[in-house]
Amino acid sequence: MTARAGRIALRWGGATDPGRVRSTNQDNYLARDDVGIWAVADGMGGHRGGEIASQIACDQLGEAFTDRSLDGLIDAVEAANAAVFEEGTGDPELTGMGTTVVALAVVDEDDGEQLAIANVGDSRVYRFSLSELDQLTDDHSLVADMVREGSLSPEEAAIHPQRNIVTRVLGVNRRVPVDALVVEPHHGDRFVLCSDGLFNEVPSSAMSAVLQRVADPTDAAGELVQLALDGGGRDNITVVVVDVVDDGGPRRPPPAGAASARAGGTARHPVVGGEPDVEGDGSAVGTAPPPDGAQRSEPAGDGGATFGPERRPRRITWRVVAFVVLLLALLGGAVATIQWYGRSTYFVGFEGDRVTIYRGRPGGLLWIDPEMVESSDLRRDRVPADVEDDIAAGKEQSTLSGARAYVQRVAERADELSPTTAGEGNGTTTTTAQQATTTTRP
Ligand code: MN
């Protein structure tokens, strides 16, 4: 698949797989080489919410990306957020659904066509350039925040039990802050957009090896997905590889740090400058932008502002106020998102000697304790041994009806193993409304 989007030329390939554990695929990807935009979205939410959220986000991004600029890309992501949010508020089955999104788009800048990247959530964009793999996006996740604070090492984060908790997500709030940056394309660069199902299963060294060895982007995406399956495939996996096959002719050599955009990131390995572009004539002098010249970051929730190199200097007081407002908005969004995540599913556990349905996450999540929803007539001593451990650990179900069906199936198996007199241990549930309120954790 080849796209000639104006002066630069890109080839791309994509692959997605539900993985070895999940029965549905809530990931989606977008590839519109006619408009020059590619995206990966990782949906979440009960019932079919996750699939629908990621699908709407991809469709809407493709439709809304009409202004080929960094602001145009941010606007398109905001439009996708609004579309998922609207759909979610209109349908009780879909309420609370959300999705991550990463996007790569061809944009027109003063000095020619460039690539813009946008991110909300914990999907990622990597660049493989000169045999080195750089993560270009910052994860909006609890563990990434802890790594940035210094309270967790990247190695600890990679295996942390709560590493899948996102702090920013599309479709849960009316507005969402969008991270965005521009990178200069160079012949031979490979951009990898992926969901966490890839990088949670595959170390970056193995990703690099595939990108080095497999030239065709479709084959490379397929092999990366296969590696994640081989690694366990515990989540849905989606990979889109976009190759720069023509960067639009002679360009200046990459100035130090400019293309890799950001300083201070934890998982970043900026390309060291001075390596001439293979097609560069090297004659450009004095064109190097400031070290962060290629980066622009969040609009502060008002949709319009970008903080870019072209902004005029402003007074300190204004900047401090803006910074505090931005920080509060981010914190508020993170709290709301964690709150939503902590309550968005159900699980089956034990309350005393009774099989019981809870809303929340097993063991709770930060300040959010699980909430008891229904207790059943099924006693622990009748639960088949092979599922007792699952229930003791908290058997997660995305919906209440799913949790009830699970209890029903366990009760039916218990009856098969040791029939009881009618009316006892049949898995019927009673609501806690008739019982003393309890906040006991399982
Ligand atoms: Mn995922």
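Please read these numbers as outputs of a predicted model, since none were measured by experiment.

S.K.: Any details on the nonpolar core? Residues and values, ideally.
M.R.: The biggest cluster of nonpolar side chains holds 33 residues, and the ones touching the most others in it are Leu-61, Leu-73, Val-77, Val-101 and Leu-170. Counting residues per element, the ones that place at least two in this core are strand 4 (37–44), helix 1 (49–64), helix 2 (70–90), strand 6 (101–109), strand 7 (112–120) and strand 10 (179–183). The element contributing the most residues to this core is helix 2, with 8 residues. Those residues in contact with Leu-170 that lie beyond four places of it in its chain are Ala-57, Val-77, Ala-80, Asn-81, Val-84, Met-97, Gly-98, Thr-99, Val-101, Val-120 and Val-176.

S.K.: How would you summarise the pairing of strand 15 (residues 354–359) if you had to cite specific residues and measurements?
M.R.: For strand 14 (residues 346–351) and strand 15, the ladder comprises 6 bridges, and the chain directions are antiparallel. Within strand 15, the position partnered with Gly-349 by the bridge is Thr-356. In this structure, the hairpin formed by strand 14 and strand 15 is closed by a connection of 2 residues, where Gly-352 is found at a positive phi of approximately 60 degrees. Relative to strand 16 (residues 371–379), strand 15 is paired through 5 bridges, and the arrangement is antiparallel. Across the sheet, the residue bridging to Tyr-358 is Met-372, located in strand 16.

S.K.: Run through the packing of helix 1 against helix 2, naming residues and quoting values.
M.R.: Taken N-terminus to C-terminus, the directions of helix 1 and helix 2 make an angle of 140 degrees; their axes are 8 Å apart at the nearest point. Judged by the inter-axis angle, helix 1 sits oblique to helix 2. Helix-helix and strand crossings are classified by hand; for helix 1 and helix 2 the assignment is right-handed. Contact residues: Ala-53, Ile-56, Ala-57, Gln-60, Leu-61 and Ala-64 in helix 1; Ala-76, Val-77, Ala-79, Ala-80, Ala-83, Val-84 and Glu-87 in helix 2. Of the residues in the contact of helix 1 with helix 2, the class split is 11 nonpolar, 1 polar and 1 charged.

S.K.: Residue-level account of helix 1, with values.
M.R.: Here helix 1 spans 22 Å end to end across 16 residues, near enough to the 22 Å set by a 1.5 Å rise per residue. The set of residues buried in helix 1 consists of Gly-49, Gly-50, Ile-52, Ala-53, Ser-54, Ile-56, Ala-57, Cys-58, Leu-61 and Gly-62. As for helix 1, its buried residues are in contact with strand 3 (27–32), strand 4, helix 2, strand 5 (98–99) and strand 6.

S.K.: Kindly report on the environment of Arg-382, identifying the contributing residues and their values.
M.R.: Residue placement: Arg-382 occurs in the loop between strand 16 and helix 9 (385–393). We classify Arg-382 as buried; its relative accessible area is 9%.

S.K.: How would you explain the side chain of Gln-114 if you had to name every residue and give the values?
M.R.: Within the secondary structure layout, Gln-114 lies in strand 7. A relative accessible area of 4% means that Gln-114 is categorised as buried. A polar contact of 3.1 Å, which involves the side chain of Gln-114, links it to the side chain of Asp-111.

S.K.: So what about the side chain of Thr-100? Which residues, and what values?
M.R.: Its location among the elements puts Thr-100 in the loop between strand 5 and strand 6. On the basis of relative accessible area, Thr-100 is assigned to the buried category, the value being 0%. Side chain to side chain, Thr-100 and Ser-123 meet in a polar contact 2.7 Å long. The contact partners of Thr-100, leaving out residues within four places of it in the chain, are Val-40, Ala-41, Asp-42, Met-44, Val-120, Gly-121, Asp-122, Ser-123, Val-166 and Val-169.

S.K.: Go over the pairing of strand 9 (residues 132–135), please, and point to the residues and values.
M.R.: On any regular strand, side chains alternate: one points to one face of the sheet, the next to the other face. Of the strand pairs in this sheet, strand 8 (residues 124–129) and strand 9 are connected by 4 bridges, and their pairing is antiparallel. If you follow Phe-128 over to strand 9, its bridge partner there is Leu-133. Between strand 8 and strand 9, which pair antiparallel and follow one another directly, the connecting turn spans 2 residues, one of which, Leu-130, has a positive phi of 50 degrees.

S.K.: Go over the packing of aromatic side chains with me, naming the residues and quoting the values.
M.R.: Evaluated as defined, the whole model comprises 2 aromatic pairs. Considering the side-chain rings of Phe-347 and Tyr-358, the 5.0 Å spacing of their centres and the 15 degrees angle between planes classify their relative orientation as stacked. One end of the pair, Phe-347, is in strand 14; the other, Tyr-358, is in strand 15, with 11 residues separating them in the sequence. Since its relative accessible area comes to 0%, Phe-347 is described here as buried. Overall, Tyr-358 belongs to the buried group, its relative accessible area being 0%. Sitting above the plane of the Tyr-341 ring, Arg-361 keeps its charged end 3.8 Å from the centroid. For Arg-380, the ring lying beneath its charged end belongs to Phe-350, and the centroid distance is 4.0 Å.

S.K.: Can you tell me about unusual backbone geometry, naming the residues and giving the values?
M.R.: Unlike most non-glycine residues, Leu-130 shows phi in positive territory, near 50 degrees. Position of Leu-130 among the secondary structure elements: in the loop between strand 8 and strand 9. On the accessibility criterion, Leu-130 (59% relative accessible area) is exposed. At Ser-131, a position not held by glycine, the phi torsion is positive, near 65 degrees. Checked against the element boundaries, Ser-131 lands in the loop between strand 8 and strand 9.

S.K.: Please set out the pattern of salt bridges residue by residue, giving values where relevant.
M.R.: Applying the stated criterion to the full structure yields 22 salt bridges. With a shortest N-O distance of 2.9 Å, Asp-34 and Arg-32 are connected by a salt bridge. Residue Asp-34 is classed as exposed on the basis of its relative accessible area of 57%. One network of salt bridges, in which partners are shared, links Arg-32, Asp-34 and Glu-63.

S.K.: Got a sec to walk through a nonpolar patch on the surface? Specific residues and values, please.
M.R.: Taken together, the side chains of Val-320, Phe-323, Val-324, Leu-327, Leu-328 and Leu-331 make up a nonpolar region of the molecular surface, amounting to roughly 570 Å² of accessible area. By secondary structure assignment, the location of Leu-331 is in helix 8 (residues 316–343).

S.K.: Tell me what's going on with the environment of Ala-220, and back it up with residues and numbers.
M.R.: Of note, Ala-220 is situated in helix 7 (residues 217–230). In this structure the C-alpha to C-alpha distance between Ala-220 and Trp-12, which are 208 residues apart in sequence, comes to 9.8 Å.

What counts and how
- Residues numbered from 1 in each chain as written.
- Predicted model: local features only at pLDDT ≥ 70, side-chain atom pairs only at ≥ 80, totals over all residues.
- Heavy atoms only, no water.
- Core = buried A, V, L, I, M, F, W, Y, C linked by side-chain atoms within 4.5 Å.
- Buried < 20%, exposed > 50% of the residue type's maximum accessible area, 1.4 Å probe, protein only.
- Helix = DSSP H or I, 4+ residues; strand = E, 2+ residues; numbered from the N terminus.
- Contact = heavy atoms within 4.5 Å.
- Pairing = 2+ DSSP bridges.
- Axes fitted to C-alpha atoms, helices over the stretch in contact; angles between N-to-C directions.
- Parallel < 35°, antiparallel > 145°, perpendicular 65-115°, else oblique.
- Left-handed = near helix turned anticlockwise from the far one by under 90°.
- Nonpolar A, V, L, I, M, F, W, Y, C, P; charged D, E, K, R; others polar.
- Expected span 1.5 Å × (residues − 1).
- Polar contact = N/O pair within 3.5 Å; in protein donor to acceptor, adjacent residues only side chain to side chain.
- Phe/Tyr/Trp six-rings, centres within 6.5 Å; stacked < 30°, edge-to-face > 60°.
- Lys NZ or Arg CZ within 6 Å of the ring centre and 35° of its normal.
- Salt bridge = Lys/Arg side-chain N within 4 Å of Asp/Glu carboxyl O.
- Patch = residues over 30% accessible without salt bridge, like charges linked within 9 Å, V, L, I, M, F, W, Y side chains within 5 Å.
- Areas by Shrake-Rupley, 256 points an atom, 1.4 Å probe, with all protein chains shown as cover.

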